[in-house]
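Descriptive analysis of the structure
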Number of protein chains: 2
Amino acid sequence: MAKLKSIGQINTKSLRERVLDSLRTAIITGELKPGETLVETDLASQFGVSRAPLREAINILNAEGLVETLPYHGTTVKKLARKDIEELYSVRSMMEGFAIQRIIDNGRASTVAEALRAICQKMLAAAEKDRLIEVNRIDRVFHDTIIANAQNQLLTSLWNNVTIRVQQVMSLRNQSKGDLQQITLNHLTIVAAIEAENVVEAVQLINDHIGSAGDLIVEGWEEPEP
Amino acid sequence: MAKLKSIGQINTKSLRERVLDSLRTAIITGELKPGETLVETDLASQFGVSRAPLREAINILNAEGLVETLPYHGTTVKKLARKDIEELYSVRSMMEGFAIQRIIDNGRASTVAEALRAICQKMLAAAEKDRLIEVNRIDRVFHDTIIANAQNQLLTSLWNNVTIRVQQVMSLRNQSKGDLQQITLNHLTIVAAIEAENVVEAVQLINDHIGSAGDLIVEGWEEPEP
DNA sequence: ATGCTGTAGACTGTCGACAATCGACAAAAA
DNA sequence: TTTTTGTCGATTGTCGACAGTCTACAGCAT
């Protein structure tokens, strides 16, 4: 068979998928703000599709918990109260702690620690240049790596759902996050605890780490009126 | 305004919701078995609705992870491999352990212990009569109560997703579960640890409890061919 | 004024029909 | 025979139109 190197996979995703991705991204990036309503007719004509695939996309966003639909009243982007964010970060903490325990129990501590250290190195480089966005991106990779190495698909899928909201929260509050280099160092202490296979300490450190990140976000968060 | 006691709320749920509930129940009870395919046209005429609400219901089941859809190839009930079940039970264990920690940290140990003890009493009564189904139902209430008292809505919604699959697994394997009375006693030791505010022990006990329940299910589980 | 009733407009919920895609098998080409 | 191409039937993906439901406001009666 002829192999044409200039030809790539053309986009075969269904309209539902494409609309879903667009909407999700819009919510995560804060382009669609909490409380804003999604009118099917408007969005459909905006995307140039009919209402059917658009409705299906909205249903999925509903199941993911990013929007809320009241029958015959329309769909709105879910509002984020302080309590929601606290819950978000404590659930996140639970998952990462569990993952670390799994990693150590499965004897993968040194392997994972190595991978994490490499990530930290990149983070440090970005931190030195004060590239906040880059640091955030690498930070996500760091935590994704921890979860992935628990080798538990169910955990991973729950995690994906949770991190979507974390990203949303962070973009609604493009925060300074304090001293970037200090943050990187915090990550390294976690890596060290994992490498030492010290479950209790590693879990403690990750709890503190996530907890203080959450506190920073929650600090001065404006409650939405109900 | 006149109050008519013989009049109740009539069912106003949308077709999508009703179809969704029916399908979900069918999957949970094992009426729809893993691997079975859901043909939109057939189901729609079976329910007496058009394909639109049916498709929306299927999309939600997809997001919940109960079914799998291949584009243009149809939807099938997700197969359950041994690994899936192990993951299910370990995630469940993580959640309950976290919930217990939260309950104790929030100083609600005695309140919750009291409620749990009452549930155990009912369980014991059902166990003495060897009413397996009843014991299972109360067992669910017991664990739901633990989660609910963590007072974390995000945790609760993740929990609901997880327990749906637990129910599915259990109905696919209408298990004996060993000695019913012994099980009830296990629950009581957990309650005692909570009441004593002994986080480490309570978490350890719940891990063992869930773990052994999972082992019983996994034991002799037939792997589905892929 | 106050409270009920009924319309209007906007939006969501549902439907039936049509288009697109796939696997399998038959037909044609090598 | 082996490989490629065309066609068919089944099923999903998408569309435009219509029906149902809600809120707000106007009109009417008290």
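Only a predicted model underlies this, so the values are computations on that prediction, with no experimental measurement involved. (Residues numbered from 1 in each chain as written. Chains lettered and ligands numbered in written order. Predicted model: local features only at pLDDT ≥ 70, side-chain atom pairs only at ≥ 80, totals over all residues. Heavy atoms only, no water.)

This part is about the packing of helix H2 (residues 40-47) of chain B against helix H3 (residues 51-64) of chain B. Residue and element names in this part refer to chain B. Where H2 meets H3, the axes come as close as 9 Å, and the angle between the chain directions of the two elements is 115°. The angle between the axes of H2 and H3 places the two elements in the roughly perpendicular class. Between H2 and H3 lies a crossing of right-handed hand. The residues of H3 that touch H2, namely those facing Glu-40, Thr-41, Leu-43, Ala-44 and Phe-47, are Arg-51, Leu-54, Arg-55 and Ile-58. (Axes fitted to C-alpha atoms, helices over the stretch in contact; angles between N-to-C directions. Helix = DSSP H or I, 4+ residues; strand = E, 2+ residues; numbered from the N terminus. Parallel < 35°, antiparallel > 145°, perpendicular 65-115°, else oblique. Left-handed = near helix turned anticlockwise from the far one by under 90°. Contact = heavy atoms within 4.5 Å.)

Here we come to the sheet that holds strand S2 (residues 67-70) of chain A. Residue and element names in this part refer to chain A. Read across the open sheet, the 3 strands follow the order S1-S3-S2; overall the sheet is antiparallel. Lying at the two open borders of the sheet, with one neighbouring strand each, are strand S1 (37-38) and S2. Judged from the 4 bridges that link them, S2 and strand S3 (residues 74-77) form a sheet pairing that is antiparallel. Bridge pairing links Val-67 to Val-77 in S3. Its contacts with the sheet put helix H3 (residues 51-64) on S1, S2 and S3, and the angle it makes with S2 is roughly 115°. (Pairing = 2+ DSSP bridges.)

A side chain with one charge can pair with a side chain of the opposite charge if their charged atoms come near. Tallying each qualifying case throughout the model produces 26 salt bridges over all chains. One salt bridge in this structure joins A:Glu56 and A:Arg16, with 2.9 Å as the shortest N-O distance. Placement of A:Glu56 in helix H3 and of A:Arg16 in helix H1 (residues 15-28) is noted, with a sequence separation of 40 residues between them. Connected via shared salt-bridge partners are A:Arg16, A:Glu17, A:Glu56, B:Glu40, B:Arg51 and B:Arg55. (Salt bridge = Lys/Arg side-chain N within 4 Å of Asp/Glu carboxyl O.)

Around DNA strand D, a shell composed of 19 residues is seen, among which A:Leu15, A:Ser50, A:His73, B:Arg51 and B:Arg55 lie nearest. Between B:Leu38 and DNA strand D, the recorded distance is 3.3 Å, taken from a backbone N or O atom to a phosphate oxygen. With respect to DNA strand D, the backbone of B:Glu40 contributes an N or O atom lying 3.2 Å from a phosphate oxygen. Contributions of two or more residues to the surface near DNA strand D are made by H1 and H3 of chain A together with H2 and H3 of chain B. With 3 residues, H3(A) is the largest single contributor of residues to the surface near DNA strand D. Taken together, the residues that form the surface near DNA strand D break down as 9 nonpolar, 5 polar and 5 charged. (Near = heavy atom within 4 Å. Polar contact = N/O pair within 3.5 Å; in protein donor to acceptor, adjacent residues only side chain to side chain. Nonpolar A, V, L, I, M, F, W, Y, C, P; charged D, E, K, R; others polar.)

The subject of this paragraph is the sheet that holds strand S3 (residues 74-77) of chain B. One key point about sheets: their strands pair by backbone hydrogen bonds, in either a parallel or an antiparallel sense. Residues and elements named next belong to chain B. Strand order in the open sheet formed by 3 strands is S1-S3-S2, and the pairing between neighbours is antiparallel. Among the strands making up the open sheet, the edge pair consists of strand S1 (37-38) and strand S2 (67-70). Contacts between H3 and the sheet are confined to S1, S2 and S3, with S2 contributing the most and set at about 115° to the helix.

Bringing the domain arrangement of chain A into the picture now. All names here are of chain A. Once the domains are mapped, chain A shows domain 1 (15-77) and domain 2 (82-218). The straight-line distance from the C-alpha centre of domain 1 to that of domain 2 is 29 Å. In this complex, domain 1 contributes 10 residues to the contact, which on the side of domain 2 involves 7 residues. Buried area between domain 1 and domain 2, both sides added, is near 700 Å², and the carbon and sulfur share of it is 63%. (Domains from an automatic or database assignment. Buried area = accessible area lost by both parts, 1.4 Å probe.)

Counting residues at the interface gives 23 residues for chain B and 23 residues for chain A. Between chain B and chain A lies a buried interface of about 2200 Å² when both sides are counted; carbon and sulfur atoms form 61% of it. On inspection of chain B and its partner chain A, the count reaches 2 salt bridges. Here chain B and chain A share 14 residue pairs in polar contact (both at pLDDT 80 or more) between them. Broken down by secondary-structure element, the contributors of at least two residues to the side of chain B that touches chain A are H3, helix H4 (82-105) and helix H7 (153-171) of chain B.

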